[in-house]
Amino acid sequence: MLSRVGYGIRAALVAAALGVAGAAGAADVGIDEEKKVVTIGAFTPVTGPVPFYAILTHAADAYYRNLNEQGGIDGWTVKYVTKDDGYDPARSVAVTRQLVEDDGIFALSASVGTATNVAVLPYAREVGLPVVSPIGGASAFFVEPNVFPLLPDYGWSAASNLDYAVNTLGLKKIALLWENDELGKSAKRGFDAYMKKLGLEPAASVPFDVKTTSFSPHIRRVANAGAEAVILFGSNANLAAALKAADLQGLDVKWFAPFFTADPSTLKLAGDLLEGVYFSSWLLPVSSDDPEIVAYRESIKKYYPEDPIGVFGLNGWSNAGIFHKGFEALLKSGKELTRENLIAALETLDNVSVGGARGVSFKPGDHRGTRQEGIIQVKNGEFELVQEFRPYPAVVFDAPMAE
C-alpha cells in the first residue's frame, strides 16, 4: 500500500515531469488544433502467447471509429494508433516509447495487459504520459496520479458475490475456489475480509492451478465442507470444468463467478450446467438493450465481423470510453489541451456511464474508477441483470490496497 506521503511523492514526480514536458512544448503532443485531431495509442498482443487479447483492442478501435462517425468528441476526431507488443513487458515499454516519440500520442488508451501496463509506468511517469484505462488488474494502477483504470480489484468483485449470497439469498456456508495466482489471491483477500466482517468462516477455501482441467478433488472438499454456495475465481474453462465435476458428484449448490466469465463462450463450454449461475459484474450484460450495449454489438458486427460478441469485447469497448469522457471534460473546461490538464479533467468525472459500466468516478488521490457492480444470472440461456448496480462493500473498497 502507498501512504499519503508516498502518493504525494509520486504526484510531485509526475507534476515535475509534466512541467518539464510543458516547458519543452511536448505536453500538447498529439493535438492538432487546426484539424481538430487528437492522437492516442495502445499496445496490444497481436502475436505472442495470447493473441486473442487483440479482441479487446479491436473493440476499443470500433468504439473510436463509431465515435468519429457520430461527429467525434465535440467535433474532434480521435486517431487511434495501436502496435503489437507480443504481450512482452519489455516490448511494451519499447512500443510505448515509439508511440510517444514517433507517433506523438497524447495519451495511452486501453492498452492491454497487467504486467505489460505495470512495466510502462516508470516511463509514463517520466514523460508525464496519461495512462487511460489500462486493461489489467494491479493495485499500483489505483494510486498512480497519471493512471486511470476502469477494471476493479478482484477482491471487490468477490465481496460483491459474497454479499449477494449472504444478504440476498440468505446463505451462510460459502466456499471459495480460487486460481492460485494474483487474480485468485486478490479475490481471496476480498472474500476473507468480508467474511470476517460478516462474522462467518469459509466453508472451504481451495486453490487451483489455472491449467486445472479436473476439479473432482476440489469439489469433494467443497461437498465435505457442507457448502451451500461456491464462489469461483478463475477462467471460463475453470468454471465449466468445476460445474461438470459438481454435476458428476451430485453437488447441488449456488454458483458464483466474476464478470469476465459472464460470456457466451462460457455457455458453449458449460452448456445447461451454467443455468442459474450468478456473476458479479461491473458491466451490463452483453445482451442488454441499453443503447451503449446495442452500439457495441452493432459496431463489432460492422468493423470486426469475425470477432465474437461478448464480455471480452465489451470490456475493451468500455475502456475506450474513459478517454472519450475525459477529453470531452477537458474541452468543456476551456483549459489548454495539455496532458496535465487531461489528468485534471479525468479527475472531475463523477458517477458517469462509460460503455457497459455505471457510476464511474475519479478523484485526486483516488483513481478507483469502477465503484459498483450488479449481479447477473443465467436464465434460460440468457445473461440477465438480477440485481442493479450497488456500491462495493465498504470493508473491502475502503481498505488499503495491497502491494
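All values reported here derive from a predicted model rather than from experimental measurement.

The rules behind each value
Residues numbered from 1 in each chain as written. Predicted model: local features only at pLDDT ≥ 70, side-chain atom pairs only at ≥ 80, totals over all residues. Heavy atoms only, no water. Axes fitted to C-alpha atoms, helices over the stretch in contact; angles between N-to-C directions. Helix = DSSP H or I, 4+ residues; strand = E, 2+ residues; numbered from the N terminus. Parallel < 35°, antiparallel > 145°, perpendicular 65-115°, else oblique. Left-handed = near helix turned anticlockwise from the far one by under 90°. Contact = heavy atoms within 4.5 Å. Nonpolar A, V, L, I, M, F, W, Y, C, P; charged D, E, K, R; others polar. Buried < 20%, exposed > 50% of the residue type's maximum accessible area, 1.4 Å probe, protein only. Pairing = 2+ DSSP bridges. Salt bridge = Lys/Arg side-chain N within 4 Å of Asp/Glu carboxyl O. Core = buried A, V, L, I, M, F, W, Y, C linked by side-chain atoms within 4.5 Å.

Engineer: Any details on the packing of helix 2 (residues 54-69) against helix 11 (residues 311-333)? Residues and values, ideally.
Structural biologist: Taken N-terminus to C-terminus, the directions of helix 2 and helix 11 make an angle of 50°; their axes are 7 Å apart at the nearest point. As far as their axial angle goes, helix 11 and helix 2 are oblique. Every pair of crossing elements has a handedness; the one defined by helix 2 and helix 11 is right-handed. Across the interface between the two elements, I55, L56, A59, A60, A62, Y63, Y64, N66 and L67 from helix 2 touch F312, G313, N315, G316, W317, A320, G321, F323 and H324 from helix 11. For the contact of helix 2 with helix 11, the per-class residue count stands at 12 nonpolar, six polar and no charged.

Engineer: Account for the environment of A159, naming residues and giving values.
Structural biologist: Relative to the assigned elements, A159 resides in helix 5 (residues 154-168). Residue A159 is classed as buried on the basis of its relative accessible area, which comes to 0%. Note: C-alpha distance between A159 and G369 (210 residues apart in sequence) is 17 Å. Apart from residues no more than four positions distant in its own chain, A159 is found in contact with G190, Y194, P393 and V396.

Engineer: Explain the sheet that holds strand 9 (residues 229-233) to me, and be specific about the residues and the numbers.
Structural biologist: On the basis of which strands lie adjacent, the open sheet formed by seven strands has the order 8-7-9-10-11-14-15 and mixed pairing. Each of the sheet's edge strands pairs with one partner strand only, and the pair in question is strand 8 (204-208) and strand 15 (382-391). Across the sheet, the mean angle from the axis of one strand to that of its neighbour is 20°, orientation sign disregarded. Here strand 7 (residues 174-179) runs beside strand 8; their pairing, made up of five bridges, is parallel. Looking at strand 8, one finds that L176 is bridged to S205. Contacting strand 7, strand 8, strand 9, strand 10 (254-257) and strand 11 (278-281), helix 8 (residues 236-248) runs over the sheet at an angle of about 170° to strand 10.

Engineer: Before we move on, could you go through the packing of helix 10 (residues 291-303) against helix 11 and cite the residues and values that matter?
Structural biologist: Contact geometry for helix 10 and helix 11: axes closest at 10 Å, N-to-C directions at 110°. Taken together, the axes of helix 10 and helix 11 lie roughly perpendicular to each other. Every pair of crossing elements has a handedness; the one defined by helix 10 and helix 11 is right-handed. Here E292, I293, A295, Y296 and S299 of helix 10 come into contact with helix 11, specifically with G313, L314 and W317.

Engineer: Explain the pattern of salt bridges to me, and be specific about the residues and the numbers.
Structural biologist: The final tally for this structure, using the stated rule, is 11 salt bridges. In this structure, R358 engages D290 in a salt bridge whose closest nitrogen and oxygen atoms are separated by 3.0 Å. Of the two residues, R358 is situated in strand 13 (residues 357-360) and D290 in the loop between strand 11 and helix 10; the sequence distance between them amounts to 68 residues. Among the charged side chains, a network of salt bridges with common partners joins D366, R368 and R371.

Engineer: How would you summarise the side chain of N341 if you had to cite specific residues and measurements?
Structural biologist: Note that N341 resides in helix 12 (residues 339-346). A relative accessible area of 19% places N341 in the buried class. Apart from the residues within four sequence positions on either side, N341 is in contact with L330, K335 and E336.

Engineer: Tell me about the nonpolar core, and please be specific about residues and values.
Structural biologist: One finds W255, F279, F323 and F327 to be the most contacted residues of the largest nonpolar core, which totals 113 residues. Of the residues forming this core, the biggest block, nine residues, is contributed by helix 11. If sequence neighbours within four positions are ignored, F327 has contacts with I31, V38, I73, W76, F106, L337 and L342. Counting 17 residues, the second-largest nonpolar core is a separate cluster that includes V81, V120, Y123 and F141.

Engineer: I'd love a proper account of unusual backbone geometry, names of residues and values included.
Structural biologist: Across residues other than glycine, the phi torsion is negative in most instances, and most of the peptide bonds are trans. At K36, a residue that is not glycine, the phi angle is positive and equals roughly 55°. Accessibility expressed as a relative area gives 33% for K36, which makes it partly exposed. A positive phi is found at N380, a non-glycine position, where the angle reads about 50°. By secondary structure assignment, the location of N380 is in the loop between strand 14 (372-379) and strand 15.

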